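Geometric and topological summary
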Amino acid sequence: MPTFKEDATVSSSEFIKAYRVMLLARVLEEKLASLYRGGMIKGGVFLGRGQEALSVSVGLHLHKGDIFAPLIRDQAGRMAFGDTILDTLRTYLGSQLGPMRGRDGNIHRGRPREGYYAMISHLGAMIPAVSGALLARRMKGETGIVGATCLGDGGTSTGAFHEGLNAAAVEKLPLVLVVANNQYAYSTPNSRQFACLDLVDKAVGYGVAGHKVDATDLEQCLLTLRKAVKAAREGGGPQLVVGDLLRLVGHGEHDDAHYVDPALKSAPVGRDCLLLAEEKIIAKKWASRAETSAWRHEAEEEVNATVDKVRREPGPKPEEDDWMAYSKSEFAEHYAGA
Amino acid sequence: MSSITYLEAIRLAQEKALADDPRVFLYGQDVGNFGGAFKATKNLAKEFPGRVFDAPLSEDAIIGMAVGAAIEGMRPIVEMQFADFSTCGFNQIVNHAATLYYRTGVPCPIVVRLPSGGTSGGGPFHSQSMEALYAHYPGLVVMTPATVEDAYSMLLEAVALDDPVIFCEHKFLYYHLKSERLPESVLPVGKARLARAGRDATIVTHGAMLHESIAAATELAGDGYEIEIVDLRTVKPLDMDTVLASVARTGRLLCVSEEWPWGGVAAEVIARVTSEGFGLLDVAPQRLNAKDTPVPYHPDLWSVHRPTASAIAEVSRRLLNI
Ligand SMILES: Cc1ncc(C[n+]2csc(CCOP(=O)(O)OP(=O)(O)O)c2C)c(N)n1
Ligand SMILES: [Mg+2]
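Conventions and cut-offs
Residues numbered from 1 in each chain as written. Chains lettered and ligands numbered in written order. Predicted model: local features only at pLDDT ≥ 70, side-chain atom pairs only at ≥ 80, totals over all residues. Heavy atoms only, no water. Helix = DSSP H or I, 4+ residues; strand = E, 2+ residues; numbered from the N terminus. Rg over C-alpha atoms; globule rule 2.2 N^0.38 Å. Buried < 20%, exposed > 50% of the residue type's maximum accessible area, 1.4 Å probe, protein only. Lys, Arg positive; Asp, Glu negative; His and termini not counted. Charge placed at Lys NZ, Arg CZ, Asp CG, Glu CD. Domains from an automatic or database assignment. Contact = heavy atoms within 4.5 Å. Buried area = accessible area lost by both parts, 1.4 Å probe. Salt bridge = Lys/Arg side-chain N within 4 Å of Asp/Glu carboxyl O. Polar contact = N/O pair within 3.5 Å; in protein donor to acceptor, adjacent residues only side chain to side chain. Nonpolar A, V, L, I, M, F, W, Y, C, P; charged D, E, K, R; others polar. Donors = N, O, S within 2.8 Å, 3.2 Å for Na, K, Ca; no water. Tetrahedral: all angles 85-135°; square planar, octahedral: opposite > 155°, others 65-115°. Near = heavy atom within 4 Å. Areas by Shrake-Rupley, 256 points an atom, 1.4 Å probe, with all protein chains shown as cover. Pairing = 2+ DSSP bridges. Axes fitted to C-alpha atoms, helices over the stretch in contact; angles between N-to-C directions.

Examining the overall build of chain B
Summing up its helical and strand segments, chain B has eleven helices and 14 strands in all. Relative to the globule expectation of 20 Å for 322 residues, the C-alpha radius of gyration of chain B, 19 Å, shows essentially globular dimensions. Each of the three principal axes of chain B carries a C-alpha extent, and together these read 60 × 40 × 40 Å. The proportion of buried residues among the 322 residues of chain B is 64%. Computed over 27 positive and 38 negative side-chain charges, the inter-centroid distance for chain B is 2 Å.

Section: the domain arrangement of chain B
All names here are of chain B. Split by domain assignment, chain B resolves into domain 1 (4–179) and domain 2 (193–320). Just the C-alpha atoms count here: the centres of domain 1 and domain 2 sit 26 Å apart. Facing the 30 residues of domain 1 at the interface are 26 residues of domain 2. Both sides together, the interface formed by domain 1 and domain 2 hides about 2,100 Å², and carbon and sulfur atoms give 60% of it. On the surface where domain 1 and domain 2 come into contact, there are one salt bridge. Scanning the region where domain 1 abuts domain 2 turns up nine residue pairs in polar contact (both at pLDDT 80 or more). Going through the elements one at a time, helix H5 (131–135), strand S6 (141–143) and helix H6 (148–160) are the ones with two or more residues in the side of domain 1 that touches domain 2. Tallied by class, residues from the side of domain 1 that touches domain 2 come to 15 nonpolar, 13 polar and two charged.

Some points on the coordination of the magnesium ion (ligand 2)
Here the magnesium ion (ligand 2) is held by the protein donor atoms A:Asp153 (OD), A:Asp153 (OD), A:Asn182 (OD1) and A:Tyr184 (O), which lie 2.0 to 2.6 Å from it. Taken together, the six donor atoms coordinating the magnesium ion (ligand 2) span angles of 49 to 171° at the metal, a pattern that classifies the geometry as irregular.

Thoughts on the environment of B:Glu212
Residues and elements named next belong to chain B. Checked against the element boundaries, glutamate 212 lands in helix H7 (residues 209–221). Taking the C-alpha atoms as reference points, glutamate 212 and proline 188, 24 residues apart in sequence, are found 25 Å from one another. Within the local environment of glutamate 212, its side chain forms a polar contact with the backbone nitrogen of alanine 309, the two atoms lying 3.0 Å apart.

Quick look at the environment of B:Val256
Residues and elements named next belong to chain B. Locating valine 256 in the fold gives a position in strand S13 (residues 253–256). Taking C-alpha positions, valine 256 is 6.0 Å from asparagine 289, a pair spaced 33 residues apart along the chain. The contacts of valine 256, once residues within four sequence positions are left out, are Ile203, Val204, Thr205, His206, Met209, Ser213, Leu288, Pro307 and Ile312.

Section: the site of ligand 1
Residues and elements named next belong to chain A. Looking at ligand 1, there are 14 residues lining it, with Arg73, Asp153, Gly154, Asn182 and Tyr184 nearest. Here serine 121 contributes a backbone N or O atom positioned 3.0 Å from a nitrogen atom of ligand 1. Side-chain polar atom of aspartate 153 to an oxygen atom of ligand 1: 2.6 Å apart, as the coordinates give it. The protein chains hide 68% of the 580 Å² of surface that ligand 1 would expose on its own. In terms of residue class, the shell around ligand 1 is made up of five nonpolar, seven polar and two charged.

Some thoughts on the sheet that holds strand S3 (residues 52–54) of chain B
Residue and element names in this part refer to chain B. As summarised here, the arrangement of the seven strands in space is S3-S2-S4-S5-S7-S6-S12, forming an open sheet in which the pairing is mixed. Here the strands that pair on one side only, and so sit at the sheet edges, are S3 and strand S12 (234–236). With strand direction ignored, the average angle separating the axes of adjacent strands in the sheet is 20°. Where S6 and strand S7 (residues 165–170) come together, three bridges link them in parallel fashion.

Next up, the structure:
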């Protein structure tokens, strides 16, 4: 465990900043859900409702120049790291102007040149990728940077999780691996996923620092990620953060999540982090209910305006795509009849 | 100058790549002070401190880390201890490295070295030829050098390319293939080489099978038949111009590949010659691959499992109607 002294408080301005990013992510995702029901979305919709506090805390503790490889439920973390409503909607609505140009969508979006990695679907795969990026940065003489990536409870069962975290530990890389333990992997409950008592116990097996947090509590998430990111940045090696929470939506918008145990929904782990954060803001008198409603309204206006703009943008044109998987055009194969 | 083996050419190419380009580094099991299972990285850790790393026994992480390093502008060369073990890193190769440029516009300049193909006693898990498997995936360049000169120059080109390269170096050629000097001028990537000129039939091949094919052609020359041989050098991209030009001269085609028949390089070449150059063919094209079983361990079984010079000569005779 790191030995440095922590500042164990979160200021009102930091809390409100985090809350407003969470709120924007929530509003945007609610819009995505309604667009999905209206048949407007290209591809699938997988939302992070209930996971915003943990996710935003990752993004907010990264700097420009750091690396972030988010996963499927990280709309809040993505926005905290610099992703925009515009880029988000451009991928979901299939605009040609989005960062992926129609070639990959939605949760797979990213801008790798800016340290914002574009996940592949295969769970766990981004752990070694971020680790290799950190190794490269070290070889280039860069210090004080951090690479963070997120995963679900199910993702911890992959070989990639094991190989990636182990290799990062061997190289003592500044990796922050954040596990959103939302109790289910699609329909599979944790009891069918792993047999250890707590996922954070895995940290000791890899020789990395472990952090445990109640991920319904924004303040605790901010403090935990502050500590973990700082430890990685200062040379403490990989940090495994496990946040306990509940997925408050279906696996995707196609899924009614009928299999979720009602006892979990009424347990503390099933609370909504956004509502809890709002209650705290009100209770501490950092803002009034009227102000939080105004923030929501503002977010809705911005999202709606961007939807209107993006819906007028062109989709990708098959006849204009160069259909090139290689950076060198000479490498294109020419198949007769194709 | 003493003669250079195919294996030494690979070592020398990595040494030159490390010396010429600070972005290059080596990562793989036992590649550091030990110098690699085959000694393809011998002395390089000492010569280039901090740039040649031992990796844990984690093919998925090795290739995944190479992908991340490549995104950050490095040029990693990773060694799989045997091509066969690349299946444990398959996901990162075919789903991450191969898709990155198309998806994001960011290229992925990694080289994955695969010590490939059969040797006596290698058995089912140390003998595989995986070029067709990787060539199936868009975004990967698949190289199969068959000569000392190509082993050297193509590895250097692989490092210079912005696209991910699967470098299938043949273990059967490691020690016994020798050359007096390293090449000064080379064919461009994706260009096949006419390894032997002829007029009666064309053999299209690559890797260790080039040498079996040359031996078969020499045997047939004794009977007065001249076989032309095309060494593909890279199986992806595939140089159909050179193949079709040769078939246009000979009218007869035999494809020889060490990998399994179903969906192999030979199958692809024949598919494309029949659809693009059907009129050039005088008789039905033929292929000769390894037998459709796992690669056997016992030398007596293995030596007939792969195409041999005598098997190639026999199929060639049938192709020539003799
Ligand atoms: C290697 C792999 N296997 C299967 C899938 C299909 N899949 C997508 S999400 C998912 C469940 C993931 O659960 P978890 O890791 O707990 O994340 P959560 O969805 O709960 O956020 C599965 C099985 C996949 N993407 N990758
Ligand atoms: Mg889960």
